[in-house]
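One letter stands for each residue in the lines below.
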Amino acid sequence: MRSPHPGLTGDARLLVAGQGVRAAGYGFTAVLLGALLAARGYSSLQAAAVLTALIAGTALASLAVGAFGDRFGRRRSYAAFFFGIAVAGVLVAAGAPLWVLLVVALTGTLSTDVVDNGPATTLEQVMLAAEDAGTATVYGRYNMIGAAAGALGSLAVTLTGLGPHGATGGVHGWLFLVLVPVGITGAVLAARLSPAVEAPAASTGSPGPAGRVRSRLGPSRAVVRRLAGLFAVDAAGGGLVTTGFLSYYLTDRYHVSVAALGWLFFAVSVVQAVSVALAPLLARRFGLVATMVGTHLPSNVLLAAVAFAPTFGVAALLLLARTTLSQMDVPTRQALVMTVVTPAERTAAAAVTNASRYTVRPAGPLAAGLVQQLALGAPLVVAGAVKSGYDLALWCWAHRLGLTTRAGPPGPGSAAIATVTASPGEPP
């Protein structure tokens, strides 16, 4: 019987630490990557190719983890990913040519997203499910640490005067060597994980054939596919209003300084960390789906309202208010996926649902540019509408399966659905 207020076990602490150290590294390098590409003379098309490859790499690597992660071993896959981060840092620091950067990007070991990092997130989401798949408590702490560490990593660039307009007046590739200790630390943490985080067949058997499993979707296939489609719609809406777009919009409309934007997005990251930590409290009271929709839907209204803000101050307040609600669906979404499938399907389910979100992201900036021909703030309104449609569709679908209450009959998609409808601490 799971405690309604679970603490972190040794494995969970290691995974949260892995998320934290990786987010800090990515938060630091994400600020520098675009400026470094420009400093090295890359054209806008070449830079766009690298950034698009980064997004595509998260999807491809996540699918690879879903197909082979359990067979190769979750701990081994996790350690290999961190080793890849260290190698990627060395290659970028060494001034690797464009084709090498594209290959590195496609491995998923570089990221400009400090919390949602593709294959690493997929593995961590699955391994944390052994601790807390239904209440989102551990996922809340996990995402909170990631957001906070990423914010500090981003801020470190400014505080040390190493930004593109800092004391040195340039961006240096050797700064990416920070990913080497990140990778080494993560690999050490992976080596300390216990066999309990492995797939069921691998954790209970010997290292023989019985221990080499391959995660596949079985009875929960229809449920996972529906969730993947819904999450893709949400991600498509989010792709219209990336940090890059918001920076451009706020600068073009309100003529704010880069420093003001930097502090705004730092504040957004801090609010995000607090938000995901509070989400499990609501999930225990109202349920996973109710928390997802009940917080996400009003946040989308606030997002659309930014387009009509008369001043930068009002726009900043709306963005901060939106962030207090918009990120609460992250830990609850992760917990939902882990509870509507059987334990043997968790790796595949996490990979498919995560990859569906990553796949649609590259089209977001282009679509935003096209929509912006109608009005400068049009992407904000369209994104709010698309994401609201996702919320309503999720609620209607989940309601039919009985997932919108804390107790109820299991839906038809999976034998494991009952676990999401039971109250925390109660057997399904």
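See the structure above.
Rules used in this analysis
Residues numbered from 1 in each chain as written. Predicted model: local features only at pLDDT ≥ 70, side-chain atom pairs only at ≥ 80, totals over all residues. Heavy atoms only, no water. Helix = DSSP H or I, 4+ residues; strand = E, 2+ residues; numbered from the N terminus. Buried < 20%, exposed > 50% of the residue type's maximum accessible area, 1.4 Å probe, protein only. Areas by Shrake-Rupley, 256 points an atom, 1.4 Å probe, with all protein chains shown as cover. Contact = heavy atoms within 4.5 Å. Phe/Tyr/Trp six-rings, centres within 6.5 Å; stacked < 30°, edge-to-face > 60°. Lys NZ or Arg CZ within 6 Å of the ring centre and 35° of its normal. Expected span 1.5 Å × (residues − 1). Axes fitted to C-alpha atoms, helices over the stretch in contact; angles between N-to-C directions. Parallel < 35°, antiparallel > 145°, perpendicular 65-115°, else oblique. Nonpolar A, V, L, I, M, F, W, Y, C, P; charged D, E, K, R; others polar. Core = buried A, V, L, I, M, F, W, Y, C linked by side-chain atoms within 4.5 Å. Arc of directions from axis to C-beta.

> Help me out: how do you make sense of the overall build of the protein in this one?
Along its length, the protein carries 18 helices and zero strands. A burial count over the protein gives 54% of its 428 residues as buried. Approximately 17100 Å² of the protein is accessible, and the part contributed by carbon and sulfur atoms is 70%.

> So what exactly am I meant to see when it comes to the side chain of T29 here?
Within the fold, T29 resides in helix 1 (residues 10-39). Not counting chain neighbours up to four residues away, the residues in contact with T29 comprise F176, V178 and L179.

> Help me understand the packing of aromatic side chains, please; the structure alone is not making it clear to me.
The description of an aromatic ring pair rests on the distance of the ring centres and on the angle between the ring planes. Scanning all chains against the criterion turns up five aromatic pairs. Plain terms: the ring middles of Y249 and Y254 are 6.3 Å apart, the flat faces sit at 90 degrees to each other, and that makes the pair edge-to-face. For the pair shown, Y249 and Y254 are each scored as buried. Of the aromatic side chains, those joined through ring pairs into one cluster are Y78, F81 and F82. A cation sits over an aromatic face here: R333 above F231, 5.9 Å from the ring centre.

> Help me out: how do you make sense of helix 3 (residues 74-93) in this one?
Along an α-helix, residues three or four positions apart point the same way, because every turn accommodates 3.6 residues. Across its 20 residues, helix 3 extends 29 Å between first and last C-alpha, which sits within 8% of the 28 Å expected from 1.5 Å per residue. Taken together, the buried positions of helix 3 are occupied by R74, S77, Y78, F81, F82, G84, I85, A86, A88, G89 and V92. Where helix 3 ends, the next residue or the one after it, G95, has phi of about 75 degrees, a positive value.

> Please clarify how the packing of helix 1 against helix 7 (residues 179-191) should be interpreted in this entry.
Packed helices, taken two at a time, are described by their axes: the angle between them and the distance between them. Contact pair helix 1 / helix 7: the axes reach a minimum separation of 9 Å and the direction vectors enclose 170 degrees. Our classification of the angle between helix 1 and helix 7 gives roughly antiparallel. Of the residues in helix 7, those touching helix 1 at L14, A17, G18, V21, R22, G25, Y26 and T29 are L179, V182, T185 and L189. Within the contact of helix 1 with helix 7, the residues separate by chemical class into seven nonpolar, four polar and one charged.

> Honestly, the nonpolar core in this entry has me stumped. Any pointers?
Judged by nonpolar contacts, the single largest core of 79 residues is most densely connected at Y78, L227, L394 and W397. Here this core takes 11 residues from helix 1, the largest share from any one element. When residues no more than four places from it in sequence are discounted, the contact partners of L227 are L336, V337, V340, T353, L394 and W397. Membership of the second largest hydrophobic core comes to 23 residues, among which are V241, Y249, Y254 and L380.

> What is the right way to read helix 4 (residues 98-106) from this model?
Buried within helix 4 are the following residues: V100, L101, V104 and A105. What you see down the axis of helix 4 is that its buried residues fit within an arc of 140 degrees, all on one side. Phi turns positive, to about 80 degrees, at G108, one or two residues after helix 4.

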